[in-house]
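# Descriptive analysis of the structure
These are the residues of each chain, in order.
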Amino acid sequence: MKSCLLLVILPFMTLTSSVQGHSVESNVVPDVDQPFHTLEEQSHAAWDPFKNFFRKVLTEDKSDLQVIVKEVLSLMEYSVCEEGEAIQECDPEKDWLLGCECKSEFSSLGSRCSRVPCELVQYFKDDGPRIMRDFLAAKNFEEMFKVFMEPVERIWRILCECRSVINAATNCAPHYDGQIFSRFGLNRAEFEKIVELLDWELVNEAVHGYLGAICGVHKGEDCLSVFNTWQVLGGTFLDNTFNGEDVCLSRLRAEDEVKAILESQVYKEGITMKSYIEGMIETTMVMEEKIICDADCAPAMQESYYFSCCLKRAGEALSSEDMKKKWVKLIQNGWSLVYPGDAPDLSGAVDRFMSMFRPAEFCGERTDVYKKFNDQCDQLIVTA
């Protein structure tokens, strides 16, 4: 399955940033004659923005943050971290980061959740250098994913505990009156364009739906720990592929399907964006069918990628009819941010893409291992 459930909507947004004749995701020219070399280049290119950012903010020896970055973080910490128990009235100078509107929203969340902005700034300030250094030092995708998932899981846990933060953020974002743009010379016009365009109620509902799918304990398992492990296995899958290991947990056994994906990434003159995206989704799903449903490897895939009732619950929740409608609406709502013109109807592409999150139905009669696992989850009773 796709290794980034967190970014389940991202493929539909990034597909629109294509350059004719180039890979949509990374601008690496697809070479069908060397499919796995191209796939490896694309996979590395997808992480290059993170690596470049980390190199910019770290010192040359990567031992610490650049002085200017530490100074900015200290200013941010002073702005969002209250001294003492009582939350003070808004001071536009001190509260330059959140602004008065957002401070008011977060202040109403109670003593624990109102501190989330402070907690995030302090976490990045204290743990950021180590995480970025380890990420840059990672020798393979598995190590890279493992490092990356540490802060992701930390953020997940904060949001799962304080879901009201999502309400505060979506309520105040359209009315942001802080000074971050003026202090850092950023373009507020672009922000205003996003604010005006986005349906913040829809964003709120989609994020809450996502958190509802991944948070908490289910059937005796801590689901966030499960998802951490699951994401890291995506890195193992890539490493096996690029190291030439022809095993079940590798795309080498789907070479023809990978070639078809690369061919579909090349934008052909005259094709509509709807057809272009649907074509890429379809070739990707054909590859996923080969990877997930092949009878010889389905047992190994189930044990590695569908090993927890948390994954079953999340897959069913995120691919529910209600959530699929939200994904489609999000794409339509944000389309003009990444591509000119009206958004095409991608409900069919979304439906096809999300089908793989229910592998028992996705594979049908080709294998019964996922159905058997679903039955085990349904029958499992956990007592306190």
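Preceding this paragraph is the structure being described.
Structural notes, computed from the coordinates. (Residues numbered from 1 in each chain as written. Predicted model: local features only at pLDDT ≥ 70, side-chain atom pairs only at ≥ 80, totals over all residues. Heavy atoms only, no water.)

On to the overall build of the chain. When helices and strands are counted, the chain shows 19 helices and two strands. Within the span of the chain, comprising 384 residues, buried residues form 47% of the whole. Pairs at least 24 residues apart make up 72% of the contacts formed inside the chain by residues separated by at least 6 positions. Carbon and sulfur atoms make up 53% of the accessible area of the chain, which amounts to about 18,800 Å² in all. (Helix = DSSP H or I, 4+ residues; strand = E, 2+ residues; numbered from the N terminus. Buried < 20%, exposed > 50% of the residue type's maximum accessible area, 1.4 Å probe, protein only. Contact = heavy atoms within 4.5 Å. Areas by Shrake-Rupley, 256 points an atom, 1.4 Å probe, with all protein chains shown as cover.)

To continue, consider the packing of helix α13 (residues 273–293) against helix α17 (residues 347–354). Running from amino to carboxyl end, α13 crosses α17 at an angle of 15 degrees, the nearest separation of the two axes being 10 Å. Looking at the two axes, α13 sits roughly parallel to α17. In this structure, the crossing between α13 and α17 has a hand that is left-handed. Residues Glu-278, Ile-281, Glu-282, Met-285, Val-286 and Glu-289 of α13 form the contact with α17, whose participating residues are Ala-349, Arg-352 and Phe-353. Taken together, the residues of the contact of α13 with α17 sort by class into five nonpolar, no polar and four charged. (Axes fitted to C-alpha atoms, helices over the stretch in contact; angles between N-to-C directions. Parallel < 35°, antiparallel > 145°, perpendicular 65-115°, else oblique. Left-handed = near helix turned anticlockwise from the far one by under 90°. Nonpolar A, V, L, I, M, F, W, Y, C, P; charged D, E, K, R; others polar.)

Looking now at a nonpolar patch on the surface. A cluster of nonpolar side chains, Ile-194, Leu-337 and Val-338, forms an exposed patch at the surface whose accessible area comes to about 190 Å². Within the secondary structure, Leu-337 sits in helix α16 (residues 321–338). (Patch = residues over 30% accessible without salt bridge, like charges linked within 9 Å, V, L, I, M, F, W, Y side chains within 5 Å. Salt bridge = Lys/Arg side-chain N within 4 Å of Asp/Glu carboxyl O.)

As a further point, take helix α5 (residues 116–137). Its 22 residues give α5 an end-to-end C-alpha distance of 29 Å, which sits within 8% of 32 Å, the value for a rise of 1.5 Å per residue. Its axis deflected by about 55 degrees at Asp-127, α5 carries its strongest bend there, up to four residues before the proline Pro-129. Val-116, Pro-117, Cys-118, Glu-119, Val-121, Tyr-123, Gly-128, Pro-129, Ile-131, Met-132, Phe-135 and Leu-136 are the residues of α5 that are buried. Along its buried surface, α5 packs onto α2 (35–57), α3 (67–80), α4 (99–107), α6 (141–161) and α7 (164–172). (Expected span 1.5 Å × (residues − 1). Bend = angle between axes of the 7 residues up to and from the residue.)

Our focus in this paragraph is the state of the cysteines. In this structure the tally under the stated criterion is nine disulfides. Disulfide partner of Cys-113: Cys-162, at an S-S distance of 2.2 Å. Since a negative S-S torsion denotes a left-handed disulfide, the Cys-113-Cys-162 link at about -85 degrees is left-handed. Linking Cys-113 in the loop between α4 and α5 with Cys-162 in the loop between α6 and α7, this pair joins segments that are 49 residues apart in sequence. In this structure, Cys-113 and Cys-162 share a single accessibility class: buried. With its sulfur 2.1 Å from that of its partner, Cys-248 forms a disulfide with Cys-297. Given an S-S torsion of about -75 degrees, the disulfide between Cys-248 and Cys-297 has left-handed geometry. Taken together, the positions of Cys-248 in the loop between α11 (223–242) and α12 (255–265) and Cys-297 in the loop between α13 and α14 (298–305) put the pair 49 residues apart, joining distant regions of the chain. Judged by its relative accessible area of 8%, Cys-297 is buried. (Disulfide = S-S within 2.5 Å.)

This brings us to the pattern of salt bridges. Scanning the entire structure with this criterion turns up 25 salt bridges. Note that Arg-183 is salt-bridged to Glu-93, the shortest N-O span being 3.6 Å. Pair noted here: Arg-183 is in helix α8 (residues 180–184) and Glu-93 is in the loop between α3 and α4, with a separation of 90 residues, a long-range link. Judged by relative accessible area, which is 36%, Arg-183 ranks as partly exposed. The shortest N-O distance in the salt bridge between Asp-127 and Arg-130 comes to 3.3 Å. Here Asp-127 and its partner Arg-130 are both found in helix α5, three residues apart, which amounts to about one turn of the helix. Residue Asp-127 is classed as partly exposed on the basis of its relative accessible area, which comes to 23%.

This brings us to the environment of Val-195. Mapping Val-195 onto the fold places it in helix α9 (residues 188–197). The spacing of Val-195 and His-175 is 20 residues in sequence and 8.6 Å in space, taken between C-alpha atoms. Non-local contacts of Val-195, meaning those with residues more than four positions away in its chain, are made with Ala-173, Pro-174 and Trp-200.

Within this structure, the stated rule accounts for 23 aromatic pairs. The interplanar angle of 75 degrees and the centroid separation of 5.3 Å between the aromatic rings of Phe-50 and Phe-148 together place this pair among those described as edge-to-face. In this pair, Phe-50 is assigned in helix α2 and Phe-148 in helix α6, connecting sequence segments 98 residues apart. With a relative accessible area of 22%, Phe-148 lands in the partly exposed category. Through pairs of rings, three or more aromatic residues link up here, namely Trp-47, Phe-50, Phe-53, Phe-54, Phe-135, Phe-141, Phe-145, Phe-148 and Phe-242. Its guanidinium or amino end placed over the ring of Tyr-78, Lys-94 lies 4.9 Å from that ring's centre, counting from NZ or CZ. (Phe/Tyr/Trp six-rings, centres within 6.5 Å; stacked < 30°, edge-to-face > 60°. Lys NZ or Arg CZ within 6 Å of the ring centre and 35° of its normal.)

Let's shift gears to α17. Regarding α17, the residues found buried are Ala-349, Val-350, Phe-353 and Met-354. For α17, the angular spread of buried residues about the axis comes to 120 degrees, placing them on one side. (Arc of directions from axis to C-beta.)

Another point: the side chain of Arg-251. Take Arg-251: it is sitting in the loop between α11 and α12. In this structure, Arg-251 is buried with no salt-bridge partner, the nearest side chain bearing the opposite charge being Glu-288 at 4.6 Å. (Lys, Arg positive; Asp, Glu negative; His and termini not counted.)

Among the secondary structure elements, Met-323 is positioned in helix α16. For Met-323, a relative accessible area of 5% translates into the label buried. For the pair Met-323 and Met-354, spaced 31 residues apart in sequence, the C-alpha separation works out to 9.9 Å.

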